[in-house]
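# Secondary and tertiary structure notes
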Amino acid sequence: MTDKLPQSIKVLIIDEIHPSIFPMLQGINVDADYRPAIKPEEVREALQGFDGLVVRSKMRITAETLALADRLRFVARAGAGVDNIDVKALEERGIALLAANEGNSQAVGEFTLGLLLSLLRGVSRSHSQVQRKVWLREENRGEELGGKSVGIIGFGNMGQSFARVLAGFGCRLLAYDRFAPGKVASPVARVSLEELQAQADVVSLHIPYIKENLRFADDAFFRAFSKPVWFLNTSRGDVVDQQALVGHLKAGSIKGAALDVLENEKLATLTAPQLQDFDYLSAAPNVILTPHIAGWTHESYVKINEVLVGKIKQLLHS
């Protein structure tokens, strides 16, 4: 079998993407039609005659979106998470779904570690104080990561990456994955959720947004921890009951939180209850908020393309 297909394959790209993808696609004899400015309502008709669709997070891909796609063989998500794609609709049409979760896993692991260290040592808070010419040392005495039990919930590409970057800190690593527990291997200890909640000093979420995970971290979840914990979420905002999180921060059962994602990231559209919670989180000295950038590096921008094109090549030659 040759590296190239006998005839050209046409792919529609509807989101902004790193330009490295074009020579990569050309190398496997795939022609790209790049339309990042296309409106979501125009995609349905535009898909006619295309073998593939490459999307980031511009729009939700539904059965209606695919209704006129007469040749579509695959939808490729240039990034991690496929919560904007109707997986069932693709399955019913026999259209393959490809994702590049591996492409930004190193970025997410490193960023989550950075958030954790910043929380433990009050980096964000003390930086803000010094900017205001406030110099407080004893008040900013922090905690060390070494010796702590870190609970990782979800042990796919992102959870595994976080575990790898933690390896040199002398902490105990616990992981719970209800869908693929076999992924957890030494030196990480495979535990039940209850065991993790009984032992963890730190808990970090690395789970996808699917129906079963909606508000996974709710009031009962936080109440089940045996001691106050540091909480991190770099997965999806919808997996956390934000109101419950705020309640436990106020009560002290959560020592601090770092959130790269929120339940509603369109801040201009916050409901009154969401705004109240956001105002608390944004003002709390033990909370760090970042704008969904855990996987957002210059390197991952290219790696995502490499992973995605590799999967497209494998699919087309299978």
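Rules used in this analysis
Residues numbered from 1 in each chain as written. Predicted model: local features only at pLDDT ≥ 70, side-chain atom pairs only at ≥ 80, totals over all residues. Heavy atoms only, no water. Helix = DSSP H or I, 4+ residues; strand = E, 2+ residues; numbered from the N terminus. Rg over C-alpha atoms; globule rule 2.2 N^0.38 Å. Buried < 20%, exposed > 50% of the residue type's maximum accessible area, 1.4 Å probe, protein only. Contact = heavy atoms within 4.5 Å. Lys, Arg positive; Asp, Glu negative; His and termini not counted. Charge placed at Lys NZ, Arg CZ, Asp CG, Glu CD. Domains from an automatic or database assignment. Buried area = accessible area lost by both parts, 1.4 Å probe. Salt bridge = Lys/Arg side-chain N within 4 Å of Asp/Glu carboxyl O. Nonpolar A, V, L, I, M, F, W, Y, C, P; charged D, E, K, R; others polar. Pairing = 2+ DSSP bridges. Axes fitted to C-alpha atoms, helices over the stretch in contact; angles between N-to-C directions. UniProt positions renumbered as here; feature names shortened; annotations may be inferred.

## Quick notes on the overall build of the chain
Secondary structure assignment for the chain yields 11 helices and 12 strands. Computed over its C-alpha atoms, the radius of gyration of the chain comes to 22 Å, within 12% of the 20 Å expected for a compact globule of 318 residues. Along the three orthogonal principal directions, the C-alpha set of the chain runs to about 70 × 45 × 40 Å. Looking at the chain as a whole, 48% of its 318 residues are labelled buried. Within the chain, contacts between residues separated by at least 24 positions form 62% of all contacts whose residues are at least 6 apart in sequence. One way to put it: in the chain the 36 positive side-chain charges average out to a point 3 Å from where the 37 negative ones average out.

## A word on helix α6 (residues 157-166)
With respect to burial, α6 is a largely interior element, 7 of its 10 residues being buried. Every buried residue of α6 is listed here: Met158, Gly159, Ser161, Phe162, Ala163, Val165 and Leu166. Elements that come into contact with the buried residues of α6 comprise α4 (105-121), β6 (149-153), β7 (172-176) and β9 (202-205).

## Structural notes on the side chain of Ser204
Along the chain, the position of Ser204 falls in strand β9. The class for Ser204 is buried, based on a relative accessible area of 0%. For Ser204, the contacting residues outside a window of four places in its chain are Thr112, Gly151, Ile152, Ile153, Phe162 and Leu232.

## Examining the domain arrangement of the chain
By the assigned domains, the chain splits into domain 1 (9-103 + 298-317) and domain 2 (143-285). The distance between the C-alpha centroids of domain 1 and domain 2 comes to 31 Å. Counting from both sides, the interface comprises 6 residues of domain 1 and, opposite them, 4 residues of domain 2. Carbon and sulfur atoms supply 47% of the area that domain 1 and domain 2 bury against each other, a total of about 400 Å² over both sides. If you sort the residues of domain 1 by the area they bury against domain 2, Ala80, Asp83 and Asn101 come out on top, with a joint share of 79%. A salt bridge links Asp83 to Arg236, with the nearest nitrogen and oxygen atoms 3.1 Å apart. The residue inventory of the side of domain 1 that touches domain 2, partitioned by class, reads 1 nonpolar, 2 polar and 3 charged.

## Structural notes on the sheet that holds strand β5 (residues 96-99)
Taking strand neighbours across the sheet as the criterion, the 5 strands line up as β2-β1-β3-β4-β5 in an open arrangement whose pairing is parallel. Strand pairing shows two members of the sheet lacking a second neighbour, β2 (30-34) and β5, which therefore form its edges. When strand polarity is set aside, the average angle formed by the axes of neighbouring strands in this sheet is 20°. Where strand β1 (residues 9-13) lies against strand β3 (residues 52-55), 3 bridges are found, and the strand directions are parallel.

## Focus on the UniProt feature "domain: D-isomer specific 2-hydroxyacid dehydrogenase catalytic" (unreviewed entry) in the chain
Within this structure's numbering, the places UniProt gives as "domain: D-isomer specific 2-hydroxyacid dehydrogenase catalytic" (unreviewed entry) are residues 11-317. As annotated, residues 11-317 has a helix share of 36% and a strand share of 16%, and its two end C-alpha atoms lie 16 Å apart.

## Remarks on the sheet that holds β6
Across a sheet, strands are paired by hydrogen bonds formed along the backbone, either parallel or antiparallel in direction. Within the open sheet, the 7 strands sit side by side as β8-β7-β6-β9-β10-β11-β12. Their pairing is parallel. At either end of the open sheet lies a strand with only one pairing partner, and these are β8 (189-190) and β12 (287-289). The sheet contact formed by strand β10 (residues 229-233) and strand β11 (residues 254-259) spans 5 bridges and is parallel. Paired with Phe231 across the bridge in β11 is Ala257. Along the sheet, α6 contacts β6, β7 and β9; its crossing angle with β6, the most-contacted strand, is approximately 160°.

## Quick notes on the pattern of salt bridges
Scanning the model with the defined rule gives 10 salt bridges in all. The partner of Arg44 in a salt bridge is Glu64, and the shortest N-O contact between them spans 2.8 Å. Residue Arg44 is found in helix α2 (residues 40-46), and its partner Glu64 is found in the loop between β3 and β4 (74-77); the two are separated by 20 residues along the sequence. Here Asp51 and Arg71 are joined by a salt bridge, their closest N and O atoms 2.6 Å apart.

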